[in-house]
Amino acid sequence: MEKLFTISLITTALLATSAQADTIRVVLSDSDIGQSRQMAATMAQSKSLKTCLTAQESGEVICFTKPHSKAAQFSTSQIASTATANASNHYLVEINSEITTAEDLLSSLQHTNQFKTVELDSLATSQSDTDVLPPNDSFHDLQSYLHGNTVDNIQGLGFELANHLVSDIEDKVSVMIIDTSFANSNDMVYSGGYSFTDNDFAEIGKDFIIPDNVASDFHGTGVASIVGALRNNETGIAGAVDNVSLFAARVGTGGQAWEYTIAQAILYAAQELDTTNYPDLEPLDKPMDVVNISMGSIDDACSFYMTDAIRLAQAKGVLIVASAGNENTNGKLYPASCSGIVNAGALSSTNEKSNYSNYGDTLSISAQGDNIYVLSRGDATNAVTMSGTSASSPLVAAAAAIAKRADNNIQSSVLSFLIESTSRTHMTASCISFGCGAGQLDASALTQAVIDLKNGNKPQINHALSDESASEQEWYVKHFGDKVPLCTTNQVNFLNGNSAKLNTFKLSRISKGTSFTDHLDNETAETPVEVLQTQDGILYFDEATQIDNESFDYAYQFCKEIGGNQICDEDFVQIHEFSFESPEACSI
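These numbers come from a predicted model, not from an experiment.

Peer 1: How should I be thinking about the pattern of salt bridges in this particular structure?
Peer 2: A side chain of one charge can pair with a side chain of the opposite charge when the charged atoms of the two come close. Counting across every chain of the model gives 13 salt bridges. Its salt-bridge partner being Glu-160, residue Arg-231 comes within 2.6 Å of it at the nearest N-O pair. One end of the pair, Arg-231, is in the loop between helix H5 (219-228) and strand S11 (244-253); the other, Glu-160, is in helix H4 (residues 159-165), with 71 residues separating them in the sequence. Measuring nitrogen to oxygen at the nearest pair gives 3.8 Å for the salt bridge that ties Asp-289 to Lys-404. With Asp-289 in the loop between helix H6 (259-269) and strand S13 (290-293) and Lys-404 in helix H8 (residues 389-406), this pair connects stretches of sequence that are 115 residues apart.

Peer 1: Would you mind showing me how to read H6 here?
Peer 2: For an α-helix, the turn length of 3.6 residues means that residues three or four places apart are oriented alike. Taken across its eleven residues, H6 has ten buried, putting it largely inside the fold. Residues of H6 that are buried include every one of Glu-259, Thr-261, Ile-262, Ala-263, Gln-264, Ala-265, Ile-266, Leu-267, Tyr-268 and Ala-269, and no others. Remark: Gln-271 follows H6 within two positions and exhibits a positive phi of approximately 60°.

Peer 1: Whenever I open this one, the confidence of the model for the protein confuses me. Can you help?
Peer 2: Detail in the predicted coordinates should be disregarded across regions flagged by low pLDDT. The share of residues in the protein with pLDDT of 70 or more is 81%, and the mean pLDDT across the chain is 80. Within the protein, strand S1 (residues 6-7) has the poorest average pLDDT of any element, 29, and S13 the best, 97. Within the model, pLDDT remains below 50 along residues 1-21, and this stretch shows 35 contacts once partners closer than five positions in the same chain are excluded. Confidence drops under pLDDT 50 across residues 122-133; counting only partners more than four residues distant or on other chains, this segment forms six contacts.

Peer 1: What is the right way to read the side chain of Lys-404 from this model?
Peer 2: Judged by relative accessible area, Lys-404 falls into the buried class, the value being 2%. In this structure the side chain of Lys-404 is engaged in a polar contact, spanning 2.7 Å, whose partner is the backbone oxygen of Gly-317.

Peer 1: Please explain the packing of aromatic side chains as it appears in this structure.
Peer 2: Here the distance between the centres and the angle between the planes together describe a pair of aromatic rings. This structure, assessed with the given rule, holds 23 aromatic pairs. Measuring from centroid to centroid gives 5.1 Å for Phe-494 and Tyr-556, while their planes differ by 85°, and the two rings are edge-to-face. Residue Phe-494 is located in the loop between strand S22 (489-493) and strand S23 (504-511), and its partner Tyr-556 is located in strand S26 (residues 552-562); the two are separated by 62 residues in the primary sequence. Taken individually, Phe-494 and Tyr-556 each receive the classification buried, so the pair is uniform in this respect. Where Phe-505 meets Tyr-556, the ring centres are 5.8 Å apart and the plane angle is 80°; that geometry is what we call edge-to-face. Linking Phe-505 in strand S23 with Tyr-556 in strand S26, this pair joins segments that are 51 residues apart in sequence.

Peer 1: So what exactly am I meant to see when it comes to the packing of helix H9 (residues 412-421) against helix H11 (residues 443-455) here?
Peer 2: Each pair of packed helices can be described by the angle between their axes along with the distance between the axes. One way to put it is that H9 packs onto H11 with a least axis distance of 9 Å and a crossing angle of 130°. For the element pair H9 / H11, the angle class is oblique. Crossing of H9 against H11: the hand is right-handed. Facing Val-414, Leu-415, Leu-418 and Ile-419 of H9, the residues of H11 in contact are Leu-446, Ala-449, Val-450 and Leu-453. Broken down by class, the residue content of the contact of H9 with H11 amounts to eight nonpolar, no polar and no charged.

Peer 1: For this particular structure, what's the right way to read the sheet that holds S22?
Peer 2: Backbone hydrogen bonds hold the strands of a sheet together, and the pairing may be parallel or antiparallel. Taken in spatial order, the four strands of this open sheet run S25-S22-S21-S29, and their pairing is mixed. The open sheet has two edge strands, strand S25 (538-542) and strand S29 (577-579), and neither has a second partner. Neighbour to neighbour, the strand axes of the sheet diverge by 20° on average, direction disregarded. When strand S21 (residues 460-463) meets S22, the two strands line up antiparallel, connected through four bridges. Residue Gln-460 lies in a different strand from S22, and its bridge partner there is Asn-493.

Peer 1: How do you make sense of the state of the cysteines when you look at a structure like this?
Peer 2: Inspection of every chain in the model, using the stated rule, returns four disulfides. Shown here is the disulfide that connects Cys-431 with Cys-436, its sulfur atoms set 1.9 Å apart. Between Cys-431 and Cys-436, the S-S torsion sits near -85°, and that sign places the bridge as left-handed. Of the residues examined, Cys-436 reaches a relative accessible area of 6% and is grouped as buried. Disulfide partner of Cys-559: Cys-568, at an S-S distance of 2.0 Å. Because the torsion about its S-S bond is 100°, the bridge between Cys-559 and Cys-568 counts as right-handed. By the burial criterion, Cys-559 is buried, and Cys-568 matches it.

Peer 1: I keep staring at helix H7 (residues 304-315) and nothing clicks. Help me out?
Peer 2: Relative to the 16 Å expected for twelve residues at 1.5 Å per residue, H7 spans 16 Å between its end C-alpha atoms, a close match to the ideal helical length. Looking at the buried positions of H7, the neighbouring elements they touch are H6, strand S15 (319-323) and H9.

Peer 1: In this structure, what is going on with the packing of H5 against H8? I would like to understand it.
Peer 2: Axis separation between H5 and H8 bottoms out at 8 Å; the angle between their running directions is 35°. Where H5 crosses over H8, the handedness of that crossing is right-handed. Between H5, through His-219, Val-223, Ile-226 and Val-227, and H8, the contact on the second element is made entirely by Ser-390, Ala-391, Pro-394, Leu-395 and Ala-398. In terms of residue class, the contact of H5 with H8 is built from seven nonpolar, two polar and no charged.

Peer 1: Could you clarify how one ought to interpret the nonpolar core in this entry?
Peer 2: The nonpolar side chains of a soluble globular protein tend to be buried, and buried together. Phe-159, Val-241, Val-396, Leu-418, Ile-419, Leu-441 and Tyr-556 are the most contacted members of the largest nonpolar core, which totals 80 residues. For this core, the element with the highest residue contribution is H8, accounting for eleven residues. If near-sequence neighbours (up to four positions away) are discounted, Tyr-556 is found in contact with Pro-459, Phe-494, Leu-495, Phe-505, Lys-506, Leu-507, Asp-571, Phe-572, Val-573 and Ile-575. Judged by nonpolar contacts, the second largest core, of 34 residues, contains Met-176, Ala-265, Leu-284 and Ile-341.

Peer 1: Just to check I follow, could you spell out unusual backbone geometry for this structure?
Peer 2: Among all residues except glycine, the phi angle is most often negative; among peptide bonds, the trans geometry is most common. A cis amide bond links Tyr-334 to the next residue, Pro-335, at an omega of 15°. Phi at Gln-271 is positive, roughly 60°, even though this residue is not glycine. Topologically, Gln-271 is positioned in the loop between H6 and S13. Residue Gln-271 is classed as partly exposed on the basis of its relative accessible area, which comes to 33%. In this structure, Asp-280 takes a positive phi of about 65° despite not being glycine. Along the chain, Asp-280 falls in the loop between H6 and S13. Looking at Asp-280, the relative accessible area reads 59%, which means it is exposed.

Conventions used here
- Residue positions are given per chain, counting from 1 as you read along its sequence in written order.
- Per-residue local features of the predicted model are confined to residues with pLDDT of at least 70, and side-chain atom pairs are confined, for both listing and counting, to 80 or more; whole-chain, interface and lining totals are unaffected and use all residues.
- Derived side-chain values reflect all non-hydrogen atoms in the structure, with water molecules and hydrogen atoms excluded from consideration.
- Any Lys or Arg side-chain nitrogen found within 4 Å of a carboxyl oxygen on Asp or Glu counts as a salt bridge.
- Secondary structure elements are taken from DSSP: a helix is a run of H or I of four residues or more, a strand is a run of E of two residues or more, and numbering for both begins at the N terminus.
- Summary of the burial criterion: residues with accessible area below 20% of their type's maximum are buried, those above 50% are exposed, and those between are partly exposed, where the area comes from a 1.4 Å probe applied to protein chains only.
- You can read pLDDT as the predictor saying how much it trusts each residue, on a scale of 0 to 100.
- The contact criterion used is simple: two residues touch if any of their non-hydrogen atoms lie within 4.5 Å.
- Polar contacts, as counted here, are pairs of nitrogen or oxygen atoms within 3.5 Å of one another; within protein the pair requires one atom able to donate a hydrogen and one able to accept it, and residues that are adjacent in sequence qualify only if both atoms are side-chain atoms.
- Two rings from Phe, Tyr or Trp (for Trp, the six-membered ring) form a pair when their centres sit within 6.5 Å of each other. Planes less than 30 degrees apart are called stacked, planes more than 60 degrees apart edge-to-face, and all others tilted.
- Axes here mean lines fitted to C-alpha atoms, for a helix over just the part in contact, with angles spanning 0 to 180 degrees between N-to-C directions.
- Angular relationships are summarised with four words: roughly parallel below 35 degrees, roughly antiparallel beyond 145, roughly perpendicular across 65 to 115, and oblique for the angles in between.
- A crossing counts as left-handed when the near helix is turned anticlockwise from the far one by less than a right angle, and as right-handed when that turn is clockwise.
- Only Asp, Glu, Lys and Arg are considered charged in this grouping, and only Ala, Val, Leu, Ile, Met, Phe, Trp, Tyr, Cys and Pro are considered nonpolar; every other residue, Gly among them, is considered polar.
- Only strands joined by at least two bridges in the DSSP assignment are considered to pair.
- When the sulfur atoms of two cysteines come within 2.5 Å, that pair is taken as a disulfide.
- To estimate how far a helix should reach, multiply one less than its number of residues by 1.5 Å.
- In this text, buried Ala, Val, Leu, Ile, Met, Phe, Trp, Tyr and Cys residues form a nonpolar core when linked through side-chain atoms within 4.5 Å.

Encoded structure:
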């Protein structure tokens, strides 16, 4: 039976390809039975995935191996090329344009009868920022970090697209700003606030606003406005988050606060605070979604009380972001360097590490930190710029807040991981020399990843062929069963296939029905036993790795190498889905 092929020879696509002189980008899908991304990593052990063809006009021999989830190397008789698989059964092949023409390559690929579709990748030109009108705030055009990341706007962090992705979700997201010196502004509304400290002009209590007659730097006001200034109100700046509820937690004044007071505010955000010494502090309806802390101090380690506060908050799903500090040092600023906190560094307008930003192995992510527009006090026309990790941190918190609108039940450790794994890796000189964490924040990619995770596969351990149809299973066993032990191979899918940049997935087990975290507070409680570790979002393993879900529960943590030691989050992500039944094709 003759196979149906779709060949794309659209004039605009050809023009776009010729404009990119180095490569011809072709998108392929396999005929009849496409290659699975999940199985491709295992299949790559077999040389039979290699495909070669002779270009009909140029006569060049072009060989490539079908890709798996990471970029695979393609080669020709002269020049190397690359290919990358996407979420469907389509994958991208890039061939050096000096070898052959686009028309010759398309015709030659079609002539092999191995591909269902052969299409040129077209270079699209943006016509506008989004299909939705951007906010009309006075300073919006100057807030480059809110817009998309383009060649002309490398500071763009994708906030407008991120907000658009969740525009149909009515529920507000709650963000606590732990800071000093909050003032009123006609361009920002606090949903609530509290002064967790006293000083010359205010007692501990509900009055968190600094009086107009008191001089202040209004640091807290500026930080809060980056997240939650009113949007689309024809004045002032646009906050990074649409539909946000801001809570101002004043913990000090004059840019200083005690760490213990900060820890108390974190406990309140997690609904874990003993409010005896805090008059008129109203209980929260639910834990805060995100907390931002744009302050800290250089120290030797995270204090025990801060560690406990963070752990309790993390258990309640509260994500905490803190600024890395402005000392341009590898010294660790706390609480940013505490385990369980997203540590935010700063980038310059050229995406270099900002010359003041701290760095090191505890840094999680970087965002723009130079000349960020903020509110001061009173009239919103008095917008000023702020520079420092105090400004980059609330941008990371804002991205997390939008993502939590997409899935309010996502565990904080999972969200923290996705903030890093969806970042843009920038190989600028200073980031190579000092490190910028996982890279540059990408709010839109983060939000999309949370949406995909919510709608995709849950963490699971199953047979490596279980995700394939019966016909695909039979095809894999027939073609690769004698080369790869498919029928005795299982897989663990951690996060819908998302692989780690800085983290390691650590899979552990514990007796059925036992808490994975009881041992943190009880020395006699059972401790989880490690099963395996990997940075791959999907890991294949043979039956020698025993998985006994009848006797044990399984969960994983996110771990990092810090100071030569492996540090793991105390938050466990439990796996509930198991399936080890071998497909019928294995018994044929």
